[in-house]
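Residues per chain, in single letters:
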Amino acid sequence: MQISVESGEGLKRKIKVQVPSERVDEQVDKKLREMRGQVRLQGFRPGKVPMKVVQKRYGPQVRGEVLDEVVRTTYAEALQQESLRPAGAPDIQPLKVEAGEDLEYEANFEVMPDIEVSGIESIELQRPAVDIETADVDRILERLRKQHAEHVEVERAAESGDQVTIDFEGKVDGEDFDGNSGEDVPVPLGEGQMPEPFEKQLIGMKAGDEKTVKYTFPEGFPDETIAGKEAVFSVTLKKVEAPELPAADDTFAETLGIEGGLEALRERISDSLEREREQAVRARVKNQVMEALVEKNEIDLPQTLVDGEIEQLREQTRERMKQAGAGDDEPDLPSDQFEQEARRRVSLGLLVNEIVRSNEIELDHERMQQALQRVAAGYEQPEQIMQHYLQNQELMQSLQLQVMEDQVVDWVMEQAQVTDKPMSLDALTSGVEDDENAEAG
């Protein structure tokens, strides 16, 4: 077998392969002889069909199958011989395929870039240092009380936090539209059940009040017939109810299924906040690590991988739009809309893989088990979820990737410059810096 390699622009490569005709002819002859014992043709006894008849009837089909097989195997051999690592499937063009002549073809593809990760020691990371305060536990306890509040009818104007019951009928350009009316509709003010501009106009109304409420639908509203248009609603407020929160005591804890009373409930909240803190700290640090790796290591990316990532991002966007009620028509989503994020993801994938390879980082099976348990803990029947993951190779591979990325983050942190940054829990979980921390930074 003869092989020649040509380098094109960037990571593009072309290999030309010439395979001796004997290699193809021998395999074709072997397959035809194997077929002869199984061929059933009228006028011949089983297994006694003459080879010339078998060759004439099945020769072209068998030769085509053999050519495909030989191209696959010799392409793999050529890559190994020339130490080439393709980034994707090749574009194979046959040059000579005639019987009796050497098989010749060329394959065009991109190779994986040579990567040497650098700049790790100069990476500066800020690790959030967060204490769980009494006020944090109080805030969650107050949220639980609000979630279990009973609404009591009151004889006053509606305020934010109240629940009102309304009848409404809306028109756009004087015409009805889908979902334009409702009777005895409960609206908890301030919870976003209805658009904020609509809800704000209900504040200050009393039971029995009637009001004209105007609301302009956003341009991207799923119903294109009313998107961007102003609707005029006739609203009648029928009832105002104020929340009556349960007392924060042992009885309340028992209604939540917590044994040990209020103190046990506070401990449970504190434990939950600590887990939330650890996850949020790791997420922040991981994001810093990944951004720094991309910034300090510019890579020549195979367009094949970038295109594949673009298509995946496009499909994810289509799916989200469908779930949001965008309809069955596929939207026009140009590639350049996803190019930057796709290139970032491919860069990160290559860098993480190289760190794993060059530093011989192996999957930590104990961390893998812990990650699986964390995922399952969020469901009512965790054992079933764990079993589902264990039986699904794709889910397990995705989880393994997350664990390996976490291990790479730990490795980078050991080499990088890490400083602790005091921060409140609220700032950590909301993604917004404290004022004093922002000023200090």
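Parameters at a glance
Residues numbered from 1 in each chain as written. Predicted model: local features only at pLDDT ≥ 70, side-chain atom pairs only at ≥ 80, totals over all residues. Heavy atoms only, no water. Pairing = 2+ DSSP bridges. Helix = DSSP H or I, 4+ residues; strand = E, 2+ residues; numbered from the N terminus. Axes fitted to C-alpha atoms, helices over the stretch in contact; angles between N-to-C directions. 1 Å grid on protein atoms, 1.4 Å probe; cavity = no way out; pocket = protein on both sides within 12 Å on 5 of 7 lines; lining within 4 Å. Points joined across faces, edges and corners; volume = space filled by probe spheres on them. Nonpolar A, V, L, I, M, F, W, Y, C, P; charged D, E, K, R; others polar. Domains from an automatic or database assignment. Buried < 20%, exposed > 50% of the residue type's maximum accessible area, 1.4 Å probe, protein only. Polar contact = N/O pair within 3.5 Å; in protein donor to acceptor, adjacent residues only side chain to side chain. Contact = heavy atoms within 4.5 Å. Patch = residues over 30% accessible without salt bridge, like charges linked within 9 Å, V, L, I, M, F, W, Y side chains within 5 Å. Areas by Shrake-Rupley, 256 points an atom, 1.4 Å probe, with all protein chains shown as cover. Salt bridge = Lys/Arg side-chain N within 4 Å of Asp/Glu carboxyl O. Lys, Arg positive; Asp, Glu negative; His and termini not counted. Charge placed at Lys NZ, Arg CZ, Asp CG, Glu CD.

Brief notes about the sheet that holds strand S1 (residues 2-7)
So, step 1. Across the sheet, four strands lie side by side as S1-S2-S4-S3; this open sheet has antiparallel pairing. The open sheet has two edge strands with one neighbour each: S1 and strand S3 (91-96). Between one strand axis and the next, the sheet turns through 20 degrees on average, direction left out of account.
So, step 2. Alignment of S1 against strand S2 (residues 12-19), held across six bridges, turns out to be antiparallel. Paired with Ser 4 across the strands is Lys 16, a residue of S2.

Observations concerning the environment of Glu 259
So, step 1. Position of Glu 259 among the secondary structure elements: in the loop between helix H5 (250-255) and helix H6 (261-296).
So, step 2. C-alpha separation for the pair Glu 259 and Thr 212, spaced 47 residues apart in sequence, amounts to 50 Å.

Let's talk about the layout of surface pockets
Picture a little ball the size of a water molecule; that probe, rolled over the atoms, points out where space is still empty.
So, step 1. Its boundaries defined by the atoms lining it, the largest pocket holds a volume of some 710 Å³.
So, step 2. What lines the largest pocket is a set of 18 residues, among which Glu 309, Arg 345, Gly 349, Leu 401 and Glu 405 lie closest to the centre.
So, step 3. Secondary-structure elements contributing two or more residues to the lining of the largest pocket are helix H7 (303-323), helix H8 (339-358) and helix H11 (393-415).
So, step 4. Examining the composition of the lining of the largest pocket, we find that nine residues originate from one element, H8, more than from any other.
So, step 5. Partitioning the lining of the largest pocket into residue classes produces seven nonpolar, six polar and five charged.
So, step 6. Taken as a whole, the second largest pocket spans an internal volume of roughly 420 Å³.

Quick look at the domain arrangement of the chain
So, step 1. Split into domains, the chain comes out as domain 1 (2-111), domain 2 (120-132 + 254-327 + 339-430) and domain 3 (150-244).
So, step 2. Taking only C-alpha atoms into account, the centre of domain 1 sits 71 Å from that of domain 3.

As for the side chain of Asn 180
So, step 1. By the secondary structure assignment, Asn 180 is in the loop between strand S7 (163-172) and strand S8 (181-188).
So, step 2. For Asn 180, a relative accessible area of 9% puts it in the buried group.
So, step 3. A distance of 3.2 Å separates polar atoms of two side chains, one belonging to Asn 180 and the other to Asp 176.
So, step 4. Not counting chain neighbours up to four residues away, the residues in contact with Asn 180 comprise Phe 168, Glu 169, Gly 170 and Phe 233.

Some remarks on a negative patch on the surface
So, step 1. A cluster of acidic side chains, namely Glu 263, Glu 267, Asp 271 and Glu 274, defines a negative patch on the protein surface.
So, step 2. With respect to the element layout, Asp 271 can be found in helix H6.
So, step 3. On the accessibility criterion, Asp 271 (38% relative accessible area) is partly exposed.

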